[in-house]
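Per-entry structural report
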Amino acid sequence: MATSSAGKRPATKAEAKQESRHDQWWYPARCEYEGCDVKDNLKKCSACNMVMYCCKEHQASDWPLHKADCKAFRRLGARATFYTDAEMLARFPLTPPSPAGSEPVPKGACCALCNTTGKKVHMTRTRCCDQVVCDTSDNYQLGSYSREFCERSHQRYTLCGRHGVEKECDATKDWRQCGGGTPQAH
């Protein structure tokens, strides 16, 4: 069982499972080498298992950029779950976003990212895809890079949450057709 950031063991299996999810990073299944669009037959970095490459040449070329991240990932014990665009869309289907506050979060709703229920924390809906997530962003400490803030993580690390933010994005297009705002791991 993992220990919490406070150094204490989680009291229940549910707490351990939730804590484990906050150590999990979601990355697109693609070669990490800048400019490479390969998404098949990828191999993970054997040191950190957090990024993927299509060939040894790309891994070697990317090493100067990845080296510091690799060391930090190993130190933190972080783990990655890789997804394809189709898997992301299946998990978070596009629905027209509702205007802020127009549709209340149902009682007892679970966060789409960590499965915490609304009984424990306040819930909100994401602006991009109307998913129910934990609304704990007010407690975020700048520079902590904590993954314990589901709304913030959704905005920064999902294709729909990042769409229109990157300068390469065409905000007039649907995020699935845009291709310019894919989240970067570096």
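Residues numbered from 1 in each chain as written. Predicted model: local features only at pLDDT ≥ 70, side-chain atom pairs only at ≥ 80, totals over all residues. Heavy atoms only, no water.

1. Comments concerning unusual backbone geometry
Applied cut-off: A run of H or I in DSSP becomes a helix once it reaches four residues, and a run of E becomes a strand once it reaches two; helices and strands are each numbered from the N terminus. When accessible area is computed with a 1.4 Å probe and restricted to protein chains, residues below 20% of their type maximum are described as buried, those above 50% as exposed, and intermediate ones as partly exposed.
With a phi close to 55°, Asn41 is a non-glycine residue in the positive phi region. Here Asn41 is to be found in the loop between strand E1 (24-28) and strand E2 (43-44). By relative accessible area, Asn41 is classed as exposed at 69%. Although it is not a glycine, Asn49 adopts a positive phi angle of roughly 60°. You can see Asn49 is positioned in the loop between E2 and strand E3 (52-53). Take Asn49: its relative accessible area is 39%, and that puts it in the partly exposed class.

2. Regarding the nonpolar core
Applicable threshold: Only buried Ala, Val, Leu, Ile, Met, Phe, Trp, Tyr and Cys residues count toward a nonpolar core, and they belong to the same one when joined by side-chain atoms within 4.5 Å.
The biggest cluster of nonpolar side chains holds 17 residues, and the ones touching the most others in it are Trp25, Tyr27, Cys48, Met50, Phe73 and Phe82. Listed by contribution, the elements that provide at least two residues to this core are E1, E3, helix H2 (56-76) and strand E4 (79-83).

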